Amino acid sequence: MRVLDRYRSFDRPVQLLLLNQLTINLGFYMLIPYLADHLSQGLGLSVLMVGVILGVRNFSQQGMFLVGGSLADRFGYKPMIVAGCALRTGGFTLIGLVDNVPALVVASAATGFAGALFNPAVRAYIAHDTGERRVEAFALFSIFYQAGILIGPIVGLALTGIDFAVTCLVAAAVFAVLTVLQIRALPARRGDGGGDADRRPILAQWRDVATTRGFLPFSVAMIGTYVLSYQVYLALPLHARTLAGDGNLGTALVTALYVVSGGVTIAAQMKVTTWCRARWGPAGSLSRGLVMLGVAFVPLLAADGLLVALPDVNAMIATVLGVTALLSTAALLAIGTAVVLPFEMDTIVGLARNRLVATHYGFYNTVCGVGILLGNAGTGWAIDLARSLGAPYAPWLVLLVIGLLSGFALAVLYRRGLLTAPAEDTRAAQSEPDGDPPTTQLWAVGQHDDSPTRPLPAIGAVRQPPTPTPVETTRPLADLPGAARRW
C-alpha cells in the first residue's frame, strides 16, 4: 500500500495531525538553520550571546517536555497543541521584529516551550486515536516528520535571500494557520486514564510515571538511540566540513548529508516497519535497531582507520573514500532510526498502560534530552581529542560501542520481563467476575506474542470468560449452563 493510501486509511484527526507535523517542521526548519547566522552576522551579537539564546530555546523545550506532557493529560491534548502553535507564532514573529537581547531571549524561550507543549500531546493523540494501528501510524509520522525537515531549509534559504525578517514572519504565518485550523477541525481528546488520576497533583503523577514498571530503565536504555541518531546534526556535519572545507563544497556536502538522511527515511520507512514487524517483532526490532545505529558508524571507522594506516593515499582517493563513508553512515543511521522509532513510540504507550500517556512521553523526552546533552558534549570532546592525538577513527568506535551496549541493555530488559505485561495483571484480569468480553483488545499490532511493545491492559480491563463446565457432546445446547452457552 502506498504512503498516500495508508494516510487516507486513518481517520480525519490523525490525518490532520500527520499533516500538522509536516507543517510544524516546515515552519521550524525554514528558520532555525539560519538563526545563528542572523544573530551573529545580522545583529552583531557575540558568540557567547548566540550560544545563550540558542541554549535557552533548547532548554525550554527539552527541559519542559515533562511539564507539557502533564498539562496535556490534565487539560486534554487539543488545548496544548493549539497553545503550542499559537506560542510559536508569537515567538517567531518576535524574533523577526526585535534586535535586543532580552526580547530575543524571551522569544527563544517561547518557541522552545511551544514545542514542549505540543510534542507530547501530538504523540499521545495519535496513540489514542489509532489503537492497534499505532506502529503503522508512527511509521507514517516519521515520514511526514522528515519531509518537513527536508522542505523547510529549502524554503527558508529562498526567503532568507530576501530578508531574514521575511523568513520569520512566513514561519509565524505557518503556525498561525495551524493554530486556526486545529481550533476549527481537531476534535478534543483526553487520555484513557482520565478521572481522579488526572486531577491529582502533578508531582504525584510524575512519581507514578517514574515508578512505572520498566519505564525508567527503558528510557535510560533508549538514550543511546538519540545520542547516535543526533550525530546527523553534530558529528557528521563537522566531518563533512573536515572533508570538503567551509566553502561551497562543504555546504553542498552537508546538504547532501541531510538529503540522504531524510530521503532514505521517506522512501524506506513503511517497508522497513512492515518487514521488521513480520520478521523480528517489536522486541527484536528495538534491540536490533539500536545495534544497527551503532553499526552505522562502521564505514567512517573503516575509512578513517584505513587513511591512518595508509597516510600516503592520493588526496582525491582519500576524499572520495571519506565522502562515500560519510553518506553511507547517514543512510544507515536513517535505516536504523526507521527500524526503532515506530516500535519505540508504541512501547511507551504499552508501558504506560494507556494512562497518563502524554506525561510518559514528556518524561521520556526529558530523560533522552539530558542524554543528548551529555552525549553531544562527550562526542564533541572525543572528536577534538581524537584529532589532536592523530586517531580520528576513535569517536566512531565509541559510537559503535554505545549502539552495541544499548541494544544489549534493551535485550536484557526484555528477557527480565520488564517490558512485558506483568503476570499479576493477567491473573487479576482472568479472575474478574463473569461478564461480557471486551470489544477491543489492547494488544499491539505485532505478530509476535512475546512483543515488549504491546499495550499493557489496566487491571480488570480485559476479562476472560470462565472455563466451560465439561459436558457430554450429546447434551442439548438449551440445557447447558449459562457460562458454557456464552463460551
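Quick caveat: nothing in here was measured; it's all calculated off a predicted structure. (Residues numbered from 1 in each chain as written. Predicted model: local features only at pLDDT ≥ 70, side-chain atom pairs only at ≥ 80, totals over all residues. Heavy atoms only, no water.)

**Q** Describe the packing of aromatic side chains, and please don't skip the residues or the numbers.
**A** Considering all chains together, one arrives at 13 aromatic pairs under this definition. Here a set of aromatic residues connected by ring pairs shows up, and it is made of Phe138, Phe141 and Tyr145. We note Arg133 situated over the ring of Phe10; from NZ or CZ to the ring centre the distance is 3.9 Å. (Phe/Tyr/Trp six-rings, centres within 6.5 Å; stacked < 30°, edge-to-face > 60°. Lys NZ or Arg CZ within 6 Å of the ring centre and 35° of its normal.)

**Q** I'd like a rundown of the side chain of Gln231, residues and numbers included.
**A** Mapped onto the elements of the fold, Gln231 is located in the loop between helix H13 (223-229) and helix H14 (235-244). For Gln231, a relative accessible area of 0% gives the class buried. A polar contact of 2.7 Å, which involves the side chain of Gln231, links it to the backbone oxygen of Val227. In contact with Gln231, other than residues within four places in its own chain, are Leu236, Pro237, Phe297, Asn376, Thr379 and Leu399. (Helix = DSSP H or I, 4+ residues; strand = E, 2+ residues; numbered from the N terminus. Buried < 20%, exposed > 50% of the residue type's maximum accessible area, 1.4 Å probe, protein only. Polar contact = N/O pair within 3.5 Å; in protein donor to acceptor, adjacent residues only side chain to side chain. Contact = heavy atoms within 4.5 Å.)

**Q** Which residues make up the pattern of salt bridges, and what values go with them?
**A** Taken as a whole and assessed by the stated rule, the structure comprises five salt bridges. Residue Arg2 pairs with Asp5 through a salt bridge whose shortest N-O separation is 3.4 Å. Arg2 sits in the exposed class, given a relative accessible area of 60%. Across the pair Arg189 and Asp129 runs a salt bridge, and its minimum N-O distance is 2.8 Å. (Salt bridge = Lys/Arg side-chain N within 4 Å of Asp/Glu carboxyl O.)

**Q** Explain the packing of helix H8 (residues 134-162) against helix H18 (residues 315-352) to me, and be specific about the residues and the numbers.
**A** Geometrically, a packed helix pair is captured by the angle between its two axes and the distance between the axes. Here H8 crosses H18 at 130°, and the two axes come no closer than 8 Å. Between H8 and H18, the interaxial angle falls into the category oblique. Considering only the axes of H8 and H18, their crossing is right-handed. Where H8 abuts H18, its residues Arg134, Val135, Phe138, Ala139 and Ser142 lie against Leu341, Pro342, Phe343, Met345, Asp346, Val349 and Gly350. Here the residues of the contact of H8 with H18 are counted per class, giving eight nonpolar, two polar and two charged. (Axes fitted to C-alpha atoms, helices over the stretch in contact; angles between N-to-C directions. Parallel < 35°, antiparallel > 145°, perpendicular 65-115°, else oblique. Left-handed = near helix turned anticlockwise from the far one by under 90°. Nonpolar A, V, L, I, M, F, W, Y, C, P; charged D, E, K, R; others polar.)

**Q** Please give an account of the confidence of the model for the protein chain that cites residues and values.
**A** Per-residue confidence for the protein chain gives a mean pLDDT of 80; residues scoring 70 or more make up 84%. Of all secondary-structure elements in the protein chain, the lowest mean pLDDT belongs to helix H22 (residues 482-486), at 39, while helix H6 (residues 77-97) reaches the highest, 93. Low confidence marks residues 193-197, where pLDDT is under 50. Its contacts with residues over four positions away, or in another chain, come to five contacts. Per-residue pLDDT stays below 50 along residues 423-487; that stretch engages in 92 contacts with residues further than four places along the chain or on separate chains. (pLDDT = per-residue confidence, 0-100.)

**Q** Which residues make up helix H3 (residues 35-42), and what values go with them?
**A** Along H3, the residues classified as buried are Leu35, His38 and Leu39. Along H3, the residues classed as buried sweep out an arc of 95° about the axis, all on the same side. In the segment just after H3, Gly44 is the residue with positive phi, at about 70°. (Arc of directions from axis to C-beta.)

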